[in-house]
Amino acid sequence: MFLVRRAVQPAVRTNSCRSFCVSQTHLSDRKGLVLGVFDKEEGEEGSLHLTEAAAGFDKSLSGKLSELLKISGPALKKGKSRTFYGIHKDFPCVAVVGLGKNNAGVCGAENWDTSKENIRQAVSTGCRALQDLEVNHVEVDSCGNAQSAAEGAILGLFQYDQLKSKKKTKVTAQLHGSADMAGWEKGVMYAEGQNLARLLMEAPANHVTPTAFANTIEEKLAPHAERVTINKRSQAWIVEQQMGAFLSVSKGSEEPPVFLELHYNGSPDSKQPPLLLVGKGITFDSGGISLKPSQSMDAMRADMGGAATVCSSIVTAAALKLPVNIIGLAPLCENMPSGKATKPGDVITAKNGKTIQVDNTDAEGRLILADALCYGHTFKPRAIVNVATLTGAMDVALGSAATGVFTNSDWLWEQLHKASVVTGDRVWRMPLFQHYTRQVTDSQLADLNNIGKYSRSGGACTAAAFLREFVTAPHWAHLDIAGVMSNKDEIPYLRKGMSGRPTRTLVEFAAGLANSS
């Protein structure tokens, strides 16, 4: 950093732009700029490969930016940034970020578009560097893909600090030097959708109860009232629907359950069969009578990640005005121990009449989803996708690299996979063998057991097999997001905390269906 600061001084003196003085600029007015630089290709002339916007900016400074990049250190590596001060009258701080190889494209081994991922990672790094300098307005180079740049900026700047006295500097971001405003705005909406899911998942369970969750989604959908119908179903309605599996989970808590039902009517054809999205909405999971260990139990405030991502994706679809009909279902409740709670060994009856022996009350997500799936079939959907932080076994299998997908439809898998390559929020197909079905249908007291015959073995697979017992539709997919629920440092453009994944993939998937129809 010392080299950079020394190099800036002559740049300011020799440049025709007015020099920057801290005393003349209020902190509240500080602006920053994020620009990109690619790796130099073999045989390429010159020592730098600047983006179009960066090259234009450099030209306006008579080449001072490229000069500073050369003398301030080695070539910028992918995802790294370097900040320069006082080289332009409008931008006291300029962060240059490394984008890796130009036009890297889709990587079959990684199952994503490497160029887009590099842009997200680099832009987020640059925006955070400027945020740390208390810059509150940033202009961002599109770096060749305005949507990815917007996603990197908005996702990278998100910080859940609503309940803290000392907060991070709030930064607004806008596109710099590119005509692709439509791509930028689309990226902003995709990222804001994921940030809504992150907000809901990160907030403490005493702030996001089933009722509070439903009210928040209702508020977010209010601007789109002409296309959206919201039903917040009460416990009385749930009883009337004979959702015994859902009620068996909720009855241990003092918080009343809510069955949230969202209808987004975006298609010009009102009779178009809807896409049905179902999200697990356990707003806090103690495990019930089968109590979880206390260590890390606080993270179970995010056990409604399925509902958060499903509802946030519908909010985003409405904001984008996607021409597709979507129905979202979110059974919302807490899983708590009490004198009223379900006991291990109890037998309950689901909405479709199947009986379930509950041998582990901590395998509750599949119970509330079972009733929601049965109800969802009444809408005759074109496809059903349910999303849930369902099993620790999924985290063991894939970690945070990808969402596990269990599906009875090759077509549906292809649509989800294609969407995930675009967003970089990957999915991976898992098996739905009859081998696993036999392990949940072999029950001593009932039609089904809510845990597999061999307990921990293949836990994610037996959970999926259990859910399939409540599905008759030809195009159904179960997304187990337990492994991607939170982020430590694996995804560079997401800070540590709840991830909101795979919201953008769900939105891209819905957009793909809209285009294909």
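Computed from a predicted model, the values in this text were never measured in an experiment.

**Concerning the pairing of strand S17 (residues 403–407)**
- Of all five residues in S17, five are buried, a share of seventy percent or more.
- The alternating pattern of S17 places Thr-403, Val-405 and Thr-407 and Gly-404 and Phe-406 on opposite faces, both of which are buried.
- Relative to strand S18 (residues 427–429), S17 runs parallel, the two sharing three bridges. Bridging from a neighbouring strand, Thr-403 pairs with Val-427 of S18.
- In this fold, S17 hands off to helix H13 (residues 410–423), which returns the chain to S18; that crossover is right-handed.
- The sheet contact formed by S17 and strand S20 (residues 476–480) spans four bridges and is antiparallel. Opposite Val-405, over in S20, you have Leu-479 as the bridge partner.

**Things to note about the packing of helix H6 (residues 181–202) against helix H16 (residues 503–516)**
- Interhelical geometry of H6 versus H16 gives an angle of 135° and a closest axis separation of 8 Å. It follows from the interaxial angle that H6 and H16 lie oblique. Relative to H16, H6 is oriented so that their crossing is right-handed. Counting all contacts with H6, which are made through Tyr-190, Ala-191, Gly-193, Gln-194 and Ala-197, the residues of H16 involved are Thr-503, Arg-504, Val-507, Glu-508 and Ala-511.

**Comments concerning the state of the cysteines**
- The final tally for this structure, using the stated rule, is zero disulfides.
- Looking at the unpaired Cys-143, the closest cysteine sulfur is the one in Cys-127, lying at 9.5 Å.
- Residue classification places Cys-143 among the buried positions, given a relative accessible area of 3%.

Calculation rules
- Residues numbered from 1 in each chain as written.
- Predicted model: local features only at pLDDT ≥ 70, side-chain atom pairs only at ≥ 80, totals over all residues.
- Heavy atoms only, no water.
- Buried < 20%, exposed > 50% of the residue type's maximum accessible area, 1.4 Å probe, protein only.
- Helix = DSSP H or I, 4+ residues; strand = E, 2+ residues; numbered from the N terminus.
- Pairing = 2+ DSSP bridges.
- Right-handed = clockwise from strand over helix to strand, strands pointing away.
- Axes fitted to C-alpha atoms, helices over the stretch in contact; angles between N-to-C directions.
- Parallel < 35°, antiparallel > 145°, perpendicular 65-115°, else oblique.
- Left-handed = near helix turned anticlockwise from the far one by under 90°.
- Contact = heavy atoms within 4.5 Å.
- Disulfide = S-S within 2.5 Å.

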